[in-house]
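# Architecture and fold: a report
Residue-level listing of the chains:
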Amino acid sequence: MRISLTAITVDDQQKALDFYTNVLGFVKSQDIPMGEYRWISLKSPEGGDVELSLEPNANPASKAFQEALFEQSIPMTAFEVDDIDAEFKRLKTEGVAFTTDPMDAGPVRMAVFADTCGNLIQIYQHLTS
């Protein structure tokens with residue numbers, strides 16, 4: 001058993017696709033019409049087998065969960081980066097709104113930003129000892 005797909009809910013699939021590809025730099029893998037919605041999955045430009053699915057928050061339960069996490073300042077997911085300070089600077093230049101600037105948190109350095117689609121996303125870098 002292995003993880004090959006993970007998902008986050010978004011309030012607007014097209015806006016999410018634009019943000020996750022044009023700002024964060026992910027690469028579109030699948031974009032398949034599925035009635036009112038689409039099956040959209042993304043890959044890291046750095047490779048790897050895991051894809052990220054941008055799921056519509058049309059289900060009231062998933063929408064309530066997404067809103068509750070956001071209100072409590074809890075990230076929906078986290079992405080690893082090699083140099084968090086450089087990534088923070090790059091994303092700030094792109095207009096990304098951070099709720100937490102880079103800070104040390106145990107074995108990682110992390111920051112949190114809003115993805116414009118209803119989620120807080122954490123980025124982190126492992127600290128070397």
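Residues numbered from 1 in each chain as written. Predicted model: local features only at pLDDT ≥ 70, side-chain atom pairs only at ≥ 80, totals over all residues. Heavy atoms only, no water.

### Thoughts on the sheet that holds strand S1 (residues 5–10)
For clarity, the threshold we go by: Any two strands with at least two DSSP bridges between them are considered paired. Think of it this way: any DSSP run of H or I at least four residues long counts as a helix, any run of E at least two long counts as a strand, and we number them from the N terminus. Helix axes are fitted only over the stretch in contact, all axes being lines through C-alpha atoms; the angle between N-to-C directions runs from 0 to 180 degrees. Here a residue-residue contact requires only that any non-hydrogen atoms of the pair lie within 4.5 Å.
Ordered in space as S1-S4-S3-S2, the 4 strands form an open sheet in which the pairing is mixed. Strand pairing shows two members of the sheet lacking a second neighbour, S1 and strand S2 (27–34), which therefore form its edges. For this sheet, the mean inter-axis angle between neighbouring strands, taken without regard to orientation, is 25 degrees. Here S2 runs beside strand S3 (residues 37–43); their pairing, made up of 7 bridges, is antiparallel. Bridging from a neighbouring strand, Gln 30 pairs with Ser 41 of S3. Strands S1, S2, S3 and strand S4 (51–56) of the sheet are contacted by helix H1 (residues 13–23), whose axis makes an angle of about 10 degrees with S3.

### A look at H1
We count it as follows: The rule is simple: take the accessible area with a 1.4 Å probe, protein chains only, and divide by the maximum for that residue type; under 20% is buried, over 50% is exposed, in between is partly exposed.
Along H1, the positions that sit buried rather than exposed are Gln 13, Ala 16, Leu 17, Phe 19, Tyr 20, Thr 21 and Val 23. Two residues or fewer after H1 comes Gly 25, characterised by a positive phi angle close to 95 degrees.

These figures come from the coordinates and say nothing about function on their own.
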